[in-house]
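# Geometric and topological summary
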Amino acid sequence: MYLVKTTWWLKALYPSFLWSKNEADKVIYLTFDDGPHANITPFVLAELKKYNANATFFCIGKNVLQEPLIYEQILSDGHSVGNHTQNHLNGWQTDDATYLKDIELATKYINSKLFRPPYGRIKKSQAKKLNSVIENDPFKIVMWDVLSGDFDTKLSPGKCLNHVVKNATSGSIVVFHDSEKAWERLKYALPKTLEHFSKLGFAFKAL
């Protein structure tokens, strides 16, 4: 069970998190979680390049270790990166000390102050400690406005596309995944998302 479009009350509950951006212009912020992946991330980068689109990749530290050249390509192509923990930990199921150590380990490989909790699950105590431990240079916790649902194996590729097309607006932060689990839906939905919003005059920027 998940929300495709983030509700106003959830955003109000966690006002310090970044859910979307106020944009007067037609801009969408595409984000990709769980990479880098040997085959899927290069596909994503190639599709983005076709539309002169920039995006943000929330990377898992252990995957950066496995695919350092692809991680460097993300950066050299002009995209931004974010910390997605070292081992894709679920904050709700992890004690605070272990969770924070895992994030800190990922900082050795991911140079970014953007952080997205895997599954969107982080305890308020973890979020508070994440910033209080690094007061002079705190992390910005980035969530989303629209969830494509590409991770949902029960979802059709067309439905995944519709989630984004029907719900994304100027300033929306949209989540896709450059992962094997999402591949069947991503390879269909991402190119059509880029085509659809480009025709409407939207630009795609990195956070």
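Look up: the structure comes first, before these words.
In this report, we go over the structure that sits alongside the text. (Residues numbered from 1 in each chain as written. Predicted model: local features only at pLDDT ≥ 70, side-chain atom pairs only at ≥ 80, totals over all residues. Heavy atoms only, no water.)

A few words now on helix 7 (residues 157-167). Of the residues making up helix 7, those classed as buried are Cys160, Leu161, His163 and Val164. The buried residues of helix 7 all sit within an arc of 150° when viewed along its axis, so they share a single face. (Buried < 20%, exposed > 50% of the residue type's maximum accessible area, 1.4 Å probe, protein only. Helix = DSSP H or I, 4+ residues; strand = E, 2+ residues; numbered from the N terminus. Arc of directions from axis to C-beta.)

Another aspect to go through is the nonpolar core. Within the largest apolar cluster, 32 residues are counted, with the highest numbers of intra-cluster contacts made by Leu30, Phe32, Leu48, Phe57 and Phe176. Here this core gets 5 residues from one element, more than from any other, and that element is helix 8 (residues 183-199). Residues contacting Phe32, with those up to four places away along its chain left out, are Val44, Leu48, Ala55, Thr56, Phe57, Phe58, Phe176, Asp178, Leu186 and Leu190. (Core = buried A, V, L, I, M, F, W, Y, C linked by side-chain atoms within 4.5 Å. Contact = heavy atoms within 4.5 Å.)

It is worth spelling out the packing of aromatic side chains at this point. According to the stated counting rule, one finds 9 aromatic pairs in the structure shown. Aromatic pair Phe17 and Trp19: ring centres 6.3 Å apart, planes at 35°, arrangement tilted. An identical accessibility class is assigned to Phe17 and Trp19; each is buried. Aromatic ring contacts, followed pair by pair, group Tyr14, Phe17 and Trp19 into a single cluster. Just above the ring of Phe139 sits the side chain of Lys113; from NZ or CZ to the centre is 4.0 Å. Looking at Lys124, its charged tip hangs above the ring of Tyr14, at a distance of 5.3 Å from the centre. (Phe/Tyr/Trp six-rings, centres within 6.5 Å; stacked < 30°, edge-to-face > 60°. Lys NZ or Arg CZ within 6 Å of the ring centre and 35° of its normal.)

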